[in-house]
Amino acid sequence: MKKDGTQTTHNGFAWNKTLTWLPPILVAVITFLVYLPSLKNGFVNWDDPLYVYENLHIQSLDFRFVKWCFTAVVASLWHPLTLISLSSDYAIWGLNPWGYHLTNIIFHSFNTLLVFILAKRLIEYGKVERNNKNTLIAAAVTSLLFGVHPIHVESVAWISERKDVLSAFFFLLTLISYIKYVSMADSKRSRFYILSIMLFIFALLSKPMVVTLPIILLILDYYPCRRLTVGEESRNAKSVIYEKIPFFALSLLTAGITIWAHHSSGDLPTLEKIPLGVRILSAMRGYIFYLSKMIMPLDLAPLYPYPANGNVFPFEHIGFSALLLIITYYAFRYAKRGNPFTAAWLYYLITLVPVIGIVQVGAQAAADRYTYLPSLGPFLITGASIGYLFEYLKTRYRIIIIIILLSALAALSSMTTKQIGIWRDSLTLWSHEIKLLPDTEPVVYCNLGLAYYDQGRLDEAIQAYMTALRLKP
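Asker: It is not clear to me how the confidence of the model for the protein chain should be interpreted in this structure. Could you clarify?
Answerer: In low-pLDDT segments, the atomic positions of the prediction should not be examined closely. This prediction gives the protein chain a mean pLDDT of 88; 88% of its residues lie at or above 70. Here residues 1-9 is a poorly scored stretch, pLDDT under 50, and it has two contacts once near neighbours within four places are set aside; other chains count.

Asker: I tried to follow unusual backbone geometry on my own but got confused; where do I start?
Answerer: Excluding glycine, a negative phi dihedral is what most residues carry, and trans is how most peptide bonds are arranged. A cis amide bond links Tyr 223 with the next residue in sequence, Pro 224, at an omega value of 15°. Its place among the elements puts Pro 224 in the loop between helix H10 (213-222) and helix H11 (237-242). The phi dihedral of Asp 47 is positive, around 70°, even though this residue is not glycine. Among the structural elements, Asp 47 can be located in the loop between helix H1 (5-34) and helix H2 (48-53). Positive phi values are uncommon outside glycine, yet Asp 299 reaches one of about 55°. Along the chain, the position of Asp 299 falls in the loop between helix H13 (276-295) and strand S1 (304-305). You can call Asp 299 exposed: its relative accessible area is 55%.

Asker: Any chance you could explain the packing of helix H6 (residues 132-148) against helix H16 (residues 376-392) here in plain terms?
Answerer: Each pair of packed helices gets described by two things: the angle between the helix axes and the distance between those axes. Running from N to C, H6 and H16 point in directions that differ by 150°, and their axes come no closer than 8 Å. Taken as axis vectors, H6 and H16 run roughly antiparallel relative to one another. The crossing of H6 and H16 is right-handed. Contacts between H6 and H16 involve Asn 134, Ile 137, Ala 138, Val 141, Thr 142, Leu 145 and Phe 146 from the former and Leu 376, Phe 379, Leu 380, Thr 382, Gly 383, Ala 384, Ile 386, Gly 387, Phe 390 and Glu 391 from the latter. Among the residues making up the contact of H6 with H16, the classes are represented as eleven nonpolar, five polar and one charged.

Asker: Help me out: how do you make sense of the layout of surface pockets in this one?
Answerer: A water-sized probe, rolled over the atoms, reveals where empty space remains. Computed from the structure, the second largest pocket encloses a volume of approximately 640 Å³. Taken together, 28 residues form the lining of the second largest pocket, with Ile 123, Tyr 223, Pro 340, Leu 380 and Ala 384 sitting closest to its centre. Listing elements by their share of the lining of the second largest pocket, those giving two or more residues are helix H5 (97-126), H6, H10, helix H15 (340-352) and H16. At nine residues, the largest contribution of residues to the lining of the second largest pocket is made by H16.

Asker: What is the right way to read the pattern of salt bridges from this model?
Answerer: Side-chain pairing between opposite charges can occur once the charged atoms of the two side chains come close. Here the structure, examined in full by the defined rule, presents 13 salt bridges. Residues Glu 154 and Arg 369 are paired through a salt bridge, measuring 2.7 Å at the closest nitrogen-oxygen approach. Of this pair, Glu 154 sits in helix H7 (residues 153-157) while Arg 369 sits in the loop between strand S2 (364-366) and H16, placing them 215 residues apart in sequence. One salt bridge in this structure joins Lys 244 and Asp 221, with 2.7 Å as the shortest N-O distance. Of this pair, Lys 244 sits in the loop between H11 and helix H12 (245-264) while Asp 221 sits in helix H10, and the two are 23 residues apart along the sequence. Under the relative-accessibility criterion, Asp 221 is labelled buried at 0%. Residues joined by salt bridges that share partners form a network here, namely Glu 154, Glu 161, Lys 163, Asp 164, Lys 207 and Arg 369.

Asker: What's the story with the packing of aromatic side chains in this structure? I'm lost.
Answerer: Remark: the centre distance and the inter-plane angle together describe each pair of aromatic rings, the angle taken between the planes. For the structure shown, the criterion picks out 24 aromatic pairs. Geometrically, the ring pair formed by Phe 169 and Phe 170 is edge-to-face, given 5.2 Å between the ring centres and 75° between the ring planes. Grouping residues by exposure puts Phe 169 and Phe 170 together as buried. Within the aromatic cluster, the residues linked to one another by ring pairs are Tyr 178, Tyr 181, Tyr 193, Phe 200 and Phe 247.

Cut-offs used in this document
- Residues numbered from 1 in each chain as written.
- Predicted model: local features only at pLDDT ≥ 70, side-chain atom pairs only at ≥ 80, totals over all residues.
- Heavy atoms only, no water.
- pLDDT = per-residue confidence, 0-100.
- Contact = heavy atoms within 4.5 Å.
- Helix = DSSP H or I, 4+ residues; strand = E, 2+ residues; numbered from the N terminus.
- Buried < 20%, exposed > 50% of the residue type's maximum accessible area, 1.4 Å probe, protein only.
- Axes fitted to C-alpha atoms, helices over the stretch in contact; angles between N-to-C directions.
- Parallel < 35°, antiparallel > 145°, perpendicular 65-115°, else oblique.
- Left-handed = near helix turned anticlockwise from the far one by under 90°.
- Nonpolar A, V, L, I, M, F, W, Y, C, P; charged D, E, K, R; others polar.
- 1 Å grid on protein atoms, 1.4 Å probe; cavity = no way out; pocket = protein on both sides within 12 Å on 5 of 7 lines; lining within 4 Å.
- Points joined across faces, edges and corners; volume = space filled by probe spheres on them.
- Salt bridge = Lys/Arg side-chain N within 4 Å of Asp/Glu carboxyl O.
- Phe/Tyr/Trp six-rings, centres within 6.5 Å; stacked < 30°, edge-to-face > 60°.

Written out as structure tokens, the structure reads:
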């Protein structure tokens with residue numbers, strides 16, 4: 001074989017391609033290893049009976065089952081693809097929780113890999129001059145935060161939240177496909193537009209929370225794609241908006257079905273029970289509450305209940321609301337420049353809208369699982385900021401940042417492992433909830449009583465049920 005220039009170039013290309021894929025794969029592997037302890041967990045008596053071990057429908061993966069999936073409402077939601085996914089698990093694992101947890105971990109690990117790819121492409125697209133090394137650092141930090149942060153344990157370690165990791169998988173693929181469509185100029189770009197629509201359909205069929213995706217695409221058009229401008233008339237604004245019509249149509253259809261599903265399940269509290277003013281204050285508090293849990297993930301609870309009788313704490317809610325308005329003000333102040341912080345903050349605000357509490361569903365004021373996709377905004381800001389610092393700081397300061405980053409990621413991984421243990425079984429889960437929030441919702445004590453009953457501990461079961469009656473006679 002001749003050692004000519006062509007051969008050398010080919011080998012160099014292959015080696016560079018391998019190096020490009022090595023960091024995201026490494027991040028996915030780290031995430032998988034951190035979540036391995038959840039394989040020891042079992043089912044919990046919160047939605048898992050509805051989805052898996054008391055759901056006879058998933059035990060036959062045939063045409064009748066598929067028909068049922070597209071007409072059934074489970075846990076107040078219409079999400080047929082999630083049910084098909086769980087049925088596929090049953091066909092392989094039966095009622096062994098090990099297999100269901102394994103599937104959740106695999107999806108979360110793939111999602112972490114996709115976050116790396118997405119973050120890298122977004123940062124590269126937004127830069128005028130590309131520094132590959134710093135971009136890789138920014139993407140790695142973003143994806144590691146997404147992968148090992150304890151606030152995502154609920155979405156991964158709870159079998160019933162298959163809908164979170166599954167819908168996120170297709171959501172992230174949709175964004176990556178859309179960026180590919182925008183970045184291409186030839187006739188083949190239409191393939192990625194069609195692919196984006198198809199992936200979005202799969203995301204909607206997994207969990208309706210992703211209905212905000214059309215607005216997210218418009219945010220990407222603002223930054224980093226710069227197809228839309230603020231305060232100026234854009235030549236291609238109409239075409240950019242028109243191409244979102246199929247996405248908006250799908251979102252509206254899914255939103256309508258979801259509202260019907262919640263209403264038919266009696267899961268929508270009336271305005272008399274939770275007034276609109278309380279909902280708005282609680283929603284504004286929620287945005288800062290979730291941010292605080294991302295910065296300091298302590299006392300993570302399965303259920304954050306509404307204050308008793310709909311009462312709010314004025315100082316806390318008003319303080320959180322003021323902070324939210326201040327951050328939003330500064331985000332929009334520099335919007336005309338095509339600001340990445342503005343885009344990331346808008347992403348965070350918009351993706352939380354379906355679950356922030358204006359349209360209240362259930363008794364919870366907040367839930368860790370609601371942050372699974374929205375957290376990508378703050379994590380991306382963090383990753384990009386660290387990448388920016390690496391670009392301008394001297395070597396000795398970079399070493400300090402690396403030490404701090406490794407320490408923070410090790411601490412987050414340790415907290416995640418501990419949080420995974422809380423989801424080991426029903427008794428552990430609800431005991432943890434009551435330890436954090438003794439005056440929580442009555443359903444918590446009912447579930448705790450059921451867990452005691454299943455273990456034959458009848459006196460403790462009766463005590464838990466009596467507490468539930470005391471909270472809500």
